[in-house]
Amino acid sequence: EAGVAQSPRYKIIEKRQSVAFWCNPISGHATLYWYQQILGQGPKLLIQFQNNGVVDDSQLPKDRFSAERLKGVDSTLKIQPAKLEDSAVYLCASSLRAGATEQFFGPGTRLTVL
Amino acid sequence: AQSVTQLGSHVSVSEGALVLLRCNYSSSVPPYLFWYVQYPNQGLQLLLKYTSAATLVKGINGFEAEFKKSETSFHLTKPSAHMSDAAEYFCAVSDGATGNQFYFGTGTSLTVIP
């Protein structure tokens, strides 16, 4: 069974530029999560999708971050414009359904904002 | 609201010695508790989980954890450390409800000394 795929693995941009990350969850998983993991901290949930609907985006900085999961499968997270403090690893995870007891994580995208 | 506290951001043990990583949780409802391991430049991998069944949970790679409600703890242990155990370990809690948001601790970096 293929795991959660993410691309790119690494991205370096300058502040005020835009960037997008892509995630393809495990086949059949209805729930998809985006996390931000700042160096030295645990992952923090940014947004949770159930199929193509948003379940929780309370911690997403909506003035610069956006995410979509149009067909209920893969998802894109965008930052526009990026700030220095956005430097982090962005992790995507998926689960069979909301309330499932396990989330499966992708390898993450390491973003460096200069 | 749920939260976890991991005591000790860095733990060093000798190869073959006991590994003990501490996690205390706060939850207003019966929690689900998890330990994840993260190797450099990789995503999080589930070690074990507690979902209100047996209080002593056995996971992969010889790790286990015990849920102690009276102490609000879920400490991770392994009788004998191996060099391959060197990694970052995260404790997480969720309420198991429909939203199933995971709250992660800040992580403990385990170093194994040969």
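Residues numbered from 1 in each chain as written. Chains lettered and ligands numbered in written order. Predicted model: local features only at pLDDT ≥ 70, side-chain atom pairs only at ≥ 80, totals over all residues. Heavy atoms only, no water.

Q: Looking at this model, I keep getting lost on the overall build of chain B. Mind explaining?
A: When helices and strands are tallied, chain B shows zero helices and 11 strands. Computed over its C-alpha atoms, the radius of gyration of chain B comes to 13 Å, within 12% of the 13 Å expected for a compact globule of 114 residues. Along the three orthogonal principal directions, the C-alpha set of chain B runs to about 45 × 30 × 20 Å. Per-residue burial for chain B yields a buried fraction of 44% across its 114 residues. Long-range contacts, defined as pairs at least 24 residues apart, comprise 56% of the intrachain contacts of chain B with a sequence gap of at least 6. Accessible area for chain B stands at about 5,200 Å²; split by element, carbon and sulfur atoms hold 53% of it. (Helix = DSSP H or I, 4+ residues; strand = E, 2+ residues; numbered from the N terminus. Rg over C-alpha atoms; globule rule 2.2 N^0.38 Å. Buried < 20%, exposed > 50% of the residue type's maximum accessible area, 1.4 Å probe, protein only. Contact = heavy atoms within 4.5 Å. Areas by Shrake-Rupley, 256 points an atom, 1.4 Å probe, with all protein chains shown as cover.)

Q: What am I meant to see in the pairing of strand S4 (residues 31-37) of chain A here?
A: Side chains on a regular strand alternate between the two faces of the sheet. Residues and elements named next belong to chain A. Of all seven residues making up S4, seven are buried, and the element is well covered by its neighbours. Here S4 shows two buried faces, one formed by Thr 31, Tyr 33, Tyr 35 and Gln 37 and the other by Leu 32, Trp 34 and Gln 36. Where S4 and strand S5 (residues 44-50) come together, six bridges link them in antiparallel fashion. Within S5, the position partnered with Thr 31 by the bridge is Gln 50. The antiparallel pairing of S4 with S5 creates a hairpin that spans six residues between the two strands, and Gly 40 there sits at a positive phi of about 85°. In terms of strand pairing, S4 meets strand S9 (residues 88-95) through seven bridges, oriented antiparallel. Residue Trp 34 lies in a different strand from S9, and its bridge partner there is Cys 92. (Pairing = 2+ DSSP bridges.)

Q: So what exactly am I meant to see when it comes to the side chain of Gln103(A) here?
A: Locating Gln103(A) in the fold gives a position in the loop between S9 and strand S10 (104-105). At 2.7 Å, the side chain of Gln103(A) and the side chain of Tyr35(A) are in polar contact. (Polar contact = N/O pair within 3.5 Å; in protein donor to acceptor, adjacent residues only side chain to side chain.)

Q: What am I meant to see in the sheet that holds strand S7 (residues 65-68) of chain A here?
A: Paired through backbone hydrogen bonds, the strands of a sheet run either parallel or antiparallel to each other. Residue and element names in this part refer to chain A. Across the sheet, four strands lie side by side as S1-S3-S8-S7; this open sheet has antiparallel pairing. Across the chains shown, the open sheet's two edge strands, defined by having one partner strand only, are strand S1 (5-7) and S7. Ignoring which end each strand starts from, the neighbouring axes of this sheet average 15° apart. Relative to strand S8 (residues 75-79), S7 runs antiparallel, the two being bridged by four bridges. Among the inter-strand pairings, Glu 68 is bridged to a residue of S8, identified as Thr 76. (Axes fitted to C-alpha atoms, helices over the stretch in contact; angles between N-to-C directions.)

Q: Looking at this model, I keep getting lost on the pattern of salt bridges. Mind explaining?
A: A side chain with one charge may pair with a side chain of the opposite charge, provided their charged atoms come close. Residues and elements named next belong to chain A. With the rule as written, the count across this model stands at four salt bridges over all chains. A salt bridge links Arg 64 to Asp 86; the shortest N-O distance between them is 2.5 Å. With Arg 64 in the loop between strand S6 (53-56) and S7 and Asp 86 in the loop between S8 and S9, the pair connects residues that are 22 residues apart, well separated along the chain. Accessibility classification places Arg 64 together with Asp 86 in one group, the buried group. (Salt bridge = Lys/Arg side-chain N within 4 Å of Asp/Glu carboxyl O.)

Q: Explanation requested: the interface of chain A and chain B in the structure shown.
A: How big an interface is tends to be reported as the loss of accessible area on association of its parts. Taken together, the contact pairs 24 residues of chain A with 22 residues of chain B. Buried surface at the junction of chain A and chain B, both sides included, amounts to about 1,700 Å², of which 47% is carbon and sulfur. The tally of links between chain A and chain B comes to zero salt bridges. Inspection of the chain A/chain B interface yields three residue pairs in polar contact (both at pLDDT 80 or more). Taken together, the elements giving at least two residues each to the side of chain A that touches chain B come down to S4 and S5 of chain A. (Buried area = accessible area lost by both parts, 1.4 Å probe.)

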